[in-house]
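Geometric and topological summary
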Amino acid sequence: MPAIEVSGLKKKYGDIQAVDGTSFSVEEGEVFSLLGPNGAGKTTTIEILEGLRNKDSGTAKVLGLDPWASGYELHKRIGVIPQGFKFLDYPTPREAISYYGALFGKKVDPDELLRRVILDDASNVWFQNLSGGQKQKLGMALSLVNDPQVIFLDEPTTGLDPQARRAVWEVVRKLKDEGRTVMLTTHYLEEAEELADRVAIMKHGKIVAMGTTEEIESRFGSGQRMVVKGGDDLLKYLRENTRLRAEGGAGEVTIFLRDKADAMVALGAIEESGAAWEDLTVRRDSLEDVFLKLVGESEGIGEGGE
Amino acid sequence: MRFSLSRTMSDLKVYGRSSLRSREGFFFTLVFPVILILLFGAIFSGGGVSQSTVYVQNNDTGPVGAAFVSALNSTSNYCSNGSSAGLCLRPVPMDVNFSQYLSSKSASDGIVIPANFSLAFESGQEVNVTVFGNPSSTTSAVVSGVVAEVVNGFNVRGAAGVHHVGIASRTAVSSNYKYIDFLVPGLIGFAALTSPMFAMVNMSSTYRRDKVFKLLSLTPLTKTEWLLSKIIWYVCTTVVSFILMTAVGVYVFGAHIALNWGIGIFLLLGPFFFVSLGMLVGTVSNTPEAASVVGNLVTFPMMFLSGTFFPVSSMPKYLQAVAHVLPLYYMIDGLNEVMIYGNFEAAYIDMALLLAISVVVFALAVKFFRWRED
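None of these values were measured; they are calculated from a predicted model. (Residues numbered from 1 in each chain as written. Chains lettered and ligands numbered in written order. Predicted model: local features only at pLDDT ≥ 70, side-chain atom pairs only at ≥ 80, totals over all residues.)

Remarks on the overall build of chain B
Selection rule: Helix and strand assignments come from DSSP, with helices taken as H or I runs of at least 4 residues and strands as E runs of at least 2, each series counted from the N terminus. As a rule, residues whose C-beta atom has 12 or fewer other C-beta atoms within 10 Å are exposed, those with 20 or more are buried, and those in between are partly exposed; C-beta atoms are placed from the backbone.
Within chain B one finds 14 helices and 5 strands. Across the 374 residues of chain B, 47% fall into the buried class.

Spelled out as structure tokens, the structure:
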């Protein structure tokens, strides 16, 4: 049984279809990331799975339970860090963990848990005086108090400095090593690439691509390209003398390669053209290229709420 | 119900500790009530009670009226000794209009014994002695106190403790002896109102904004447990306020206060009601700003019109009518009854009313306030 199963999930706010028929499933022990610009429906999707929002239609199951109807049961088995995690101003991390332990009726060792999330250096600091990264780490510690099977992280590193971000990543990797299922949303490609086994790219409430990052790159990317600095004469020569697809502009010529033979043909033709050229590179679409292509350049850094 | 007292107590521990660590919480819980009572006590009780003249019109020709006057005289005849503070009784002829007589003497304090006083008293009918007074003057409070004592004496002497003689106040005088005596219950009511109301209204909106409610909804803690822990906390702070204010009232200003279990009931019911009300009000609005506006709309009329700083009976009739729909009025009225008059029968009504609306508002608060969204 998959840890998370979603099919045909829909949620509308007024006129806005925030989630528009998404389907995916997450296996036990997997790290799955929803990637997308702001307003793509990531948070709505994850909040429905956490039991914080009710869906309009479709099915959502976490550990076989309906999150909205069986929230009380489910919450004993999942851990959640909401977007922009905030807590009461005055408890210290140690007190907060003891509090959560009491609420869940679990015996916890706050110091051990704080060591696990690398927050033992601030165990007695009031929450309001913690740094952004430390707050986020406390959120992770709290989400672990009940020893959850599935952990939801909604934009766990948004607004954190690179160092704090890496510390959070380190904790997420530990969670995976412990065999827990992790679902996270992010709008940082790097984060999805670093952490996730599989990624789903969301746009306007729909999943537009899903799979491992390699799968997405090869399926939605344009494959290998040779890029060389050169003028229109080079482009003209390539088009007239080879069957390669080539495009030019801005002092660059891009040659699309289908296989290794294409590369040899291209190199030979460039040399034969006698045109001036330099800075030859071969590259393929990164996840970022694919992402921008799929969600549109303008929405890459989006605006508006979820 | 999945109610757990241990979860409630864990939440109480965290919340209480947070409140004490926050400067505002500490100030409004412990310091502010003391400042209030020192301030108001000093303003209204300064200078002590000086000698004052009280006009007495005995319209009764029978023996009981005369006995009443002599009883009044025996408790408070200080006319001969100008140096000591107290009351000096001056008789007023039967045939004059008492109100006009008072104004002609520029006096506000007076006592009128009705014409049928002896007859009514002897036949066991109810009859009122009318006390004229100015609520802003401390002497009026003294007059009504003295009259109350004498009336009590008469009632005890009358048949089997039946209350035949009552006091009808004119203009107003509801407190006994001194302003400070009713200021203490008034300010306890004030503390029971303001501290939970402001905290809950603010909390309901900021917790929602910061998604703390969502966070809590992901734990086994229930809304009822959460709200109950706040009620327990504010019962504690109200009790502390009560102790501080009563201590200041008694030791600094010489307030006369009777300590009894009835006070405890109101110290429980007040915070129970206002925590629930604050939460209910907080659910109405989405932003902290709007919440505080709605909170103030509910809080401010109660703060001033429920008998906190001034007795309700000193207010014009239409404002008294307003006071009677304000829940805080019943808390303060009840506290007055038990702390000053020891009149438990009147306080039972206040307790019952307060309990009933508290249960209703608590239930509504639990129903309407949402951890999570649809």
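Comments concerning the domain arrangement of chain A
To keep it simple, the criterion reads: The split into domains, and so the bounds of each, comes from an automatic or database assignment of domains.
Here chain A is partitioned into domain 1 (4-77 + 148-219) and domain 2 (223-284). Computed over C-alpha atoms, the centres of domain 1 of chain A and domain 2 of chain A are 41 Å apart.

As for the pairing of strand E8 (residues 198-203) of chain A
Residues and elements named next belong to chain A. Test applied: The criterion for strand pairing is that DSSP finds at least two bridges linking the strands in question.
Of all 6 residues in E8, 5 are buried, a share of seventy percent or more. Inspection of the sheet shows strand E3 (residues 31-35) paired to E8 by 4 bridges, in the parallel sense. Looking at the pairing, Phe 32 lines up with Arg 198 of E8. In terms of strand pairing, E8 meets strand E9 (residues 206-211) through 5 bridges, oriented antiparallel. For Met 202, the partnering residue across the bridge sits in E9 and is Ile 207. Counting the residues in the hairpin turn of E8 and E9 gives 2 residues, including His 204, whose phi is positive at 45°.

Observations concerning the packing of helix H3 (residues 93-104) of chain A against helix H5 (residues 132-144) of chain A
All names here are of chain A. Convention followed: Axes here refer to lines fitted to C-alpha atoms; in helices the fit is confined to the stretch in contact. Angles between the N-to-C directions go from 0 to 180 degrees. Just so you know how the angles are binned, under 35 degrees is roughly parallel, over 145 roughly antiparallel, 65 to 115 roughly perpendicular, and the rest oblique. For any pair of crossing helices, the crossing counts as left-handed if the nearer helix is rotated counterclockwise from the farther one by less than a right angle, and right-handed if it is rotated clockwise. Here, residues touch in the contact sense if the C-beta positions derived from the backbone fall within 7 Å of one another.
In the contact formed by H3 and H5, the axes pass within 9 Å of each other and the chain directions differ by 25°. By the criterion of interaxial angle, the relationship of H3 to H5 is roughly parallel. Crossing of H3 over H5 shows right-handed handedness. Each of Pro 93, Ala 96, Ile 97 and Tyr 100 in H3 lies in contact with H5, whose residues at this interface are Leu 138, Ala 141 and Leu 142.

Focus: the interface of chain B and chain A
So the rule is basically this: Asp, Glu, Lys and Arg are counted as charged, while Ala, Val, Leu, Ile, Met, Phe, Trp, Tyr, Cys and Pro are counted as nonpolar; the rest, among them Gly, fall into the polar class.
With 21 residues of chain B in contact, the opposing surface of chain A contributes 21 residues. Only helix H1 (5-21) and helix H8 (212-217) of chain B provide two or more residues apiece to the side of chain B that touches chain A. Ranked by residue count, the leading element in the side of chain B that touches chain A is H1(B), at 7 residues. Of the residues contributing to the side of chain B that touches chain A, the split by class is 6 nonpolar, 6 polar and 9 charged.

Here we look at the sheet that holds strand E7 (residues 181-186) of chain A
Residues and elements named next belong to chain A. A sheet is described by the order of its strands in space; here 6 strands give the open sequence E5-E6-E7-E3-E8-E9, paired in mixed fashion. In this open sheet, the two edge strands, each paired with only one partner strand, are strand E5 (78-81) and E9. Averaged over all pairs of adjacent strands, the angle between their axes in this sheet comes to 15°, without regard to strand direction. Both E3 and E7 contribute to a ladder of 5 bridges, which runs parallel. In the sheet register, Val 31 faces E7, and the bridge partner there is Val 182. Strands in contact with H5 are E5 and strand E6 (150-154); relative to E5, the strand with the most contacts, it is inclined by about 160°.

Quick notes on the environment of B:Lys105
You can see B:Lys105 is positioned in the loop between helix H4 (98-104) and strand E3 (110-113). Remark: the alpha-carbon pair of B:Lys105 and B:Leu244, spanning 139 residues in sequence, is separated by 42 Å.

Describing the nonpolar core
Nonpolar side chains tend to gather and get buried jointly when the protein is soluble and globular. Spelled out, the test is: In these notes, a nonpolar core means any group of buried Ala, Val, Leu, Ile, Met, Phe, Trp, Tyr and Cys residues linked to one another through C-beta atoms within 7 Å.
A:Leu35, A:Ala141, A:Phe152, A:Ile201, B:Val184, B:Leu187 and B:Met331 are the most contacted members of the largest nonpolar core, which totals 171 residues. Examining the composition of this core, we find that 17 residues originate from one element, helix H7 (residues 179-209) of chain B, more than from any other. Among residues more than four places away in sequence, those in contact with A:Leu35 are A:Thr186, A:His187, A:Leu189, A:Ala192, A:Val199, A:Ala200, A:Ile201, A:Met202 and A:Phe291.

Structural notes on H5(A)
Residue and element names in this part refer to chain A. Heads up, the rule is: By definition here, a helix of n residues has an expected span of 1.5 Å times n minus one.
The terminal C-alpha atoms of H5 lie 19 Å apart, and with 13 residues this matches the ideal 18 Å at 1.5 Å per residue to within 8%. Along H5, 12 of the 13 residues are buried, which leaves the element largely enclosed by surrounding structure. Every buried residue of H5 is listed here: Gly 133, Gln 134, Lys 135, Gln 136, Lys 137, Leu 138, Gly 139, Met 140, Ala 141, Leu 142, Ser 143 and Leu 144. The inward-facing, buried residues of H5 abut E5, H3, helix H4 (110-116), E6 and helix H6 (162-177).

Brief notes about the sheet that holds strand E4 (residues 57-62) of chain A
Residue and element names in this part refer to chain A. Taken together, the 3 strands give an open sheet; going across it, the order is E2-E1-E4, and neighbouring strands pair in antiparallel fashion. At either end of the open sheet lies a strand with only one pairing partner, and these are strand E2 (16-26) and E4. Adjacent strand axes in the sheet meet at a mean angle of 25°, parallel and antiparallel pairs treated alike. The sheet contact formed by strand E1 (residues 4-13) and E4 spans 5 bridges and is antiparallel.

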